[in-house]
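One-letter residues, chain by chain:
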Amino acid sequence: MTVEEVGDDYTKDGTVDLRGNRVRRSQTGRWKACSFVVVYEVFERMAYYGISSNLVIYMTTKLHQGTVKSSNNVTNWVGTSWLTPILGAYVADAHLGRYITFVISSAIYLLGMALLTLSVSLPGLKPPKCSTANVENCEKASVLQLAVFFGALYTLAVGTGGTKPNISTIGADQFDEFDPKEKIHKHSFFNWWMFSIFFGTFFATTVLVYVQDNVGWAIGYGLSTLGLAFSIFIFLLGTRLYRHKLPTGSPFTKMARVIVASLRKAHEPMPRDSTCFYELSPMEYASKRAFPIHSTLSLRFLDRASLKTGSTHKWSLCTITEVEETKQMLKMLPVLFVTFVPSMMLAQIMTLFIKQGTTLDRRLTNNFSIPPASLLGFTTFSMLVSIVIYDRVFVKLMRKLTGNPRGITLLQRMGIGMILHILIMIIASITERYRLRVAAEHGLTHQTAVPIPLSIFTLLPQYVLMGLADAFIEIAKLEFFYDQAPESMKSLGTSYTSTSMAVGNFLSSFLLSSVSQITKEQGRGWIQNNLNESRLDKYYMFFAVLNLVNFILFLVVIRFYEYRADVTQSANVEQKEPNQQM
């Protein structure tokens, strides 16, 4: 291999190995490295959803909690699990880097899983069995039992805080933006990344959920813990192949500096001369293995942060690149806000949809009954099929029509998912009204121990359509926040997805409690422990209206959103400028 060939073989996006040395494209990264990351995600998601999918059933049947309380406990924990990645992203971007942050967090994650398995296994850490179907008459869990159980759950949540925002970013980092072939592969990466997530989820919601309901919770949770341990082992096996990006400092501090500096110079006149604004030389960026970003016309008031006024203090003067990075993160906030309601939808499928299933006839044969949470497997399967069709058929077809490498824009993909969410909640409301009518016709309105003579597969349409919707909105959301974040803030950008999920779950808890309390005070409560006496049909129609209003707001937001310039364009400009001066 000649000197020129060796030079061309090095990545150009600033990635290095764990020792900080430049890495060769032919020896690291790409799908060869991503295969370890993807396999990790299959088993990790199997472990996580092996716990979360059936959690509302465990809290109801083993901890003897009511419908609202158990649902809120699930959504609050899931919300926390999605909120902690903001801290994990900060630590990775500012201090330890993605790999080290991920490894440390994985150890905490595994500890939480092990403690949770113990809490469901040891008789002294859970309340005694209850023979009655009415949980209000059962002995409640003691303070110690709840402390151990929820302590384990939230230890697990802290661990996921360092794994969730970094593992997908580590995977995406294996493709060099400056290599045309690798850049195309990165576009497909997020589709197959979600495929791996839902492949693991499918196993969890079918096999593990069945084991928990029919064999034992200790074995079911134990298998989840072993799955997580195996996933971490697989990830570590690929260490020598990974490409890494160095920490670039706290993104929060950098953004705060830009905002403070612009406010300090709020009354300064804005000159047209670009030389009046501060920027590092291309050589300085090259030495840091980074790239400058050229000034844009959006959020112009922040440009004052880079205006030269004499003071060079870091809280008074920022570079143009730092200003543009802050702009990019701030411009995504309106999009983030309109993803909160779609994230609330996922909370419903993990709580109330499952609780509905407990009231229906779950028998497939005389000797086999399907666990209520196993219907999530149909959501997963629907999404798996949808992802393959989307990536292999839809994208290629739309690419010819639009000329867009992705087929359609990421925001358009989100919008399709939101439309499907409206349809899902309308169907769920109609289905629930039918379920209540059948219960009334058979005199089961005030019964909880007798299943309604209606197959659990009556709920199948809302589960299948949810998988189709997720194939559009959830993948687009993850890819959008990663793609639109500046290079030095990719983990923070990815954490926007986690923030969306966290806020969605917390809002779900708030709405569930508020609607339950308000409707109970006005007469027949919409959400009660006995779902046959509830009016979930009205609650679901309320969600349909909420999704419609949110979709209208989404259309307003995307009308004014401007996609960021491709980082490779900035690099190409820098490469051309010396030639133009010669």
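In this text the structure is predicted, and so the values were computed from the model without any measurement.

Asks: Outline the overall build of the chain, listing residues and values.
Replies: When its secondary structure is counted, the chain shows 21 helices and 2 strands. Since a compact globule built from 582 residues should have a radius of gyration of about 25 Å, the 26 Å found for the chain is in line with a globular shape. Structurally, the chain occupies a C-alpha span of about 90 × 50 × 50 Å along its principal axes. Residues counted as buried form 56% of the 582 residues belonging to the chain. Counting only carbon and sulfur atoms, one obtains 64% of the accessible surface of the chain, whose full area is about 24,800 Å².

Asks: How would you summarise the pattern of salt bridges if you had to cite specific residues and measurements?
Replies: Counted by the stated rule, this structure contains 18 salt bridges. Of the charged contacts, one joins Arg435 and Glu432 as a salt bridge, the two residues approaching to 2.8 Å between their closest N and O atoms. Of this pair, Arg435 and Glu432 both sit in helix 17 (residues 410-441), 3 residues apart, roughly one helical turn. The two residues Arg435 and Glu432 agree in class, both being buried. Through salt bridges with shared partners, one network takes in Arg300, Asp303, Glu324 and Lys327.

Asks: How would you sum up the nonpolar core? Please name residues and give values.
Replies: Nonpolar side chains tend to gather and get buried jointly when the protein is soluble and globular. Counting residues in each nonpolar core, the largest one holds 106 residues, and the members touching the most others are Trp77, Phe149, Leu153, Met194, Phe235 and Tyr539. Setting aside anything within four residues of it in sequence, one finds Met194 in contact with Met383, Ile387, Glu474, Ile475 and Leu478. Phe340, Met414, Leu492 and Val557 belong to the second-largest nonpolar core, a separate cluster that totals 24 residues.

Asks: Kindly report on the packing of aromatic side chains, identifying the contributing residues and their values.
Replies: Tallied over the entire structure, the rule returns 33 aromatic pairs. Considering the side-chain rings of Phe149 and Phe150, the 5.3 Å spacing of their centres and the 90° angle between planes classify their relative orientation as edge-to-face. The same class applies to Phe149 and to Phe150, which are both buried. A network of ring pairs unites the aromatic residues Tyr40, Tyr99, Phe102, Phe235 and Tyr242 as a single cluster. One residue, Arg413, lies across the ring of Tyr390, its end atom 3.7 Å from the ring centre. Stacked on the ring of Phe560, the Lys or Arg Arg559 has its end atom at 5.8 Å from the ring centre.

Asks: Any chance you could break down the UniProt feature "transmembrane region" (unreviewed entry) in the chain for me, citing the residues and the numbers?
Replies: With numbering aligned to this structure, UniProt lists the feature "transmembrane region" (unreviewed entry) at residues 99-122, 142-159, 190-211, 217-237, 333-353, 373-390, 410-430 and 539-561. Along residues 217-237, the helical share is 100% and the strand share 0%, with 31 Å between the first and last C-alpha atoms. Between the C-alpha atoms that bound residues 333-353 the distance is 30 Å, and the span itself is 86% helix and 0% strand.

Asks: Can you break down the pairing of strand 2 (residues 452-455) residue by residue, with the values?
Replies: Of the two faces of strand 2, only one is covered, namely that formed by Ile452 and Leu454; the face formed by Pro453 and Ser455 stays uncovered. The sheet contact formed by strand 1 (residues 360-361) and strand 2 spans 2 bridges and is parallel. Paired with Asp361 across the strands is Ser455, a residue of strand 2.

Asks: How would you summarise a nonpolar patch on the surface if you had to cite specific residues and measurements?
Replies: A cluster of nonpolar residues, Ile426, Ile430, Met541, Val545, Val549 and Leu553, forms a patch on the protein surface that exposes about 510 Å² of accessible area. Sorting the residues of the nonpolar patch by element identifies helix 17 and helix 20 (536-560) as the ones contributing at least two each. Locating Ile430 in the fold gives a position in helix 17. Given a relative accessible area of 56%, Ile430 falls into the exposed group.

Asks: Describe the environment of Ser386, listing the residues and the values that go with them.
Replies: Tracing the backbone shows Ser386 in helix 16 (residues 376-402). You can call Ser386 buried: its relative accessible area is 13%. Sequence separation between Ser386 and Phe472 is 86 residues, and the spatial gap between their C-alpha atoms is 8.7 Å. Non-local contacts of Ser386, meaning those with residues more than four positions away in its chain, are made with Leu468 and Ala471.

Asks: Describe the side chain of Thr326, naming the residues involved and giving the relevant values.
Replies: Among the structural elements, Thr326 can be located in helix 12 (residues 320-331). Given a relative accessible area of 0%, Thr326 falls into the buried group. The residues touching Thr326, leaving out its near neighbours within four places in the chain, are Lys254, Met255, Val258 and Leu302.

Asks: Pulling in residues and values, what's your account of the side chain of Ser429?
Replies: Summarising the element assignment, Ser429 is placed in helix 17. Classification of Ser429 as buried rests on a relative accessible area of 2%. Contacts of Ser429, omitting those with residues within four sequence positions, involve Asp537, Tyr540 and Met541.

Asks: Tell me about the confidence of the model for the chain, and please be specific about residues and values.
Replies: Averaged over every residue, the pLDDT of the chain is 85; the share at 70 or more is 94%. For the chain, the element scoring lowest by mean pLDDT is helix 21 (residues 567-581), at 42; helix 13 (residues 333-337) scores highest, at 95. Low confidence marks residues 1-6, where pLDDT is under 50. Its contacts with residues over four positions away, or in another chain, come to 2 contacts. Ignoring residues within four places in sequence, the model shows residues 567-582, a span with pLDDT below 50, making 16 contacts including any to other chains.

Asks: With reference to specific residues and values, describe the packing of helix 5 (residues 85-96) against helix 7 (residues 143-172).
Replies: Contact geometry of helix 5 with helix 7 gives a least axis separation of 7 Å together with a crossing angle of 65°. Considering the relative orientation of helix 5 and helix 7, their crossing is right-handed. Contact with helix 5, carried on its side by Pro85, Gly88, Ala89 and Ala92, involves Thr160, Gly161, Gly162, Lys164, Pro165 and Asn166 of helix 7 and no other residues of that element. When grouped by side-chain class, the residues that make up the contact of helix 5 with helix 7 number 4 nonpolar, 5 polar and 1 charged.

Asks: Pulling in residues and values, what's your account of the packing of helix 6 (residues 98-121) against helix 9 (residues 217-237)?
Replies: Where helix 6 meets helix 9, the axes come as close as 9 Å, and the angle between the chain directions of the two elements is 165°. One way to sum up the angle between helix 6 and helix 9 is to call them roughly antiparallel. For the crossing formed where helix 6 meets helix 9, the hand is left-handed. On helix 9, the residues that touch Tyr99, Phe102, Val103, Ser106, Tyr109, Leu110, Met113, Ala114, Leu116, Thr117, Val120 and Ser121 of helix 6 are Trp217, Ala218, Tyr221, Gly222, Ser224, Thr225, Leu228, Ala229, Ile232, Phe235 and Leu236. Split by residue class, the contact of helix 6 with helix 9 holds 17 nonpolar, 6 polar and no charged.

Asks: Now, about the state of the cysteines: what can you tell me, with residues and values included?
Replies: For the coordinates displayed, the defined rule picks out 0 disulfides. Lacking any disulfide linkage, Cys318 is separated from the closest cysteine sulfur, that of Cys276, by 17 Å. Judged by its relative accessible area of 0%, Cys318 is buried.

Asks: I'd like a rundown of unusual backbone geometry, residues and numbers included.
Replies: At His64, a residue that is not glycine, the phi angle is positive and equals roughly 60°. In this fold, His64 is placed in the loop between helix 3 (55-61) and helix 4 (67-83). Accessibility expressed as a relative area gives 2% for His64, which makes it buried. Of note, the phi angle at Leu299 is positive, near 45°, even though the residue is not glycine.

Conventions adopted
- Residues numbered from 1 in each chain as written.
- Predicted model: local features only at pLDDT ≥ 70, side-chain atom pairs only at ≥ 80, totals over all residues.
- Heavy atoms only, no water.
- Helix = DSSP H or I, 4+ residues; strand = E, 2+ residues; numbered from the N terminus.
- Rg over C-alpha atoms; globule rule 2.2 N^0.38 Å.
- Buried < 20%, exposed > 50% of the residue type's maximum accessible area, 1.4 Å probe, protein only.
- Areas by Shrake-Rupley, 256 points an atom, 1.4 Å probe, with all protein chains shown as cover.
- Salt bridge = Lys/Arg side-chain N within 4 Å of Asp/Glu carboxyl O.
- Core = buried A, V, L, I, M, F, W, Y, C linked by side-chain atoms within 4.5 Å.
- Contact = heavy atoms within 4.5 Å.
- Phe/Tyr/Trp six-rings, centres within 6.5 Å; stacked < 30°, edge-to-face > 60°.
- Lys NZ or Arg CZ within 6 Å of the ring centre and 35° of its normal.
- UniProt positions renumbered as here; feature names shortened; annotations may be inferred.
- Pairing = 2+ DSSP bridges.
- Patch = residues over 30% accessible without salt bridge, like charges linked within 9 Å, V, L, I, M, F, W, Y side chains within 5 Å.
- pLDDT = per-residue confidence, 0-100.
- Axes fitted to C-alpha atoms, helices over the stretch in contact; angles between N-to-C directions.
- Left-handed = near helix turned anticlockwise from the far one by under 90°.
- Nonpolar A, V, L, I, M, F, W, Y, C, P; charged D, E, K, R; others polar.
- Parallel < 35°, antiparallel > 145°, perpendicular 65-115°, else oblique.
- Disulfide = S-S within 2.5 Å.

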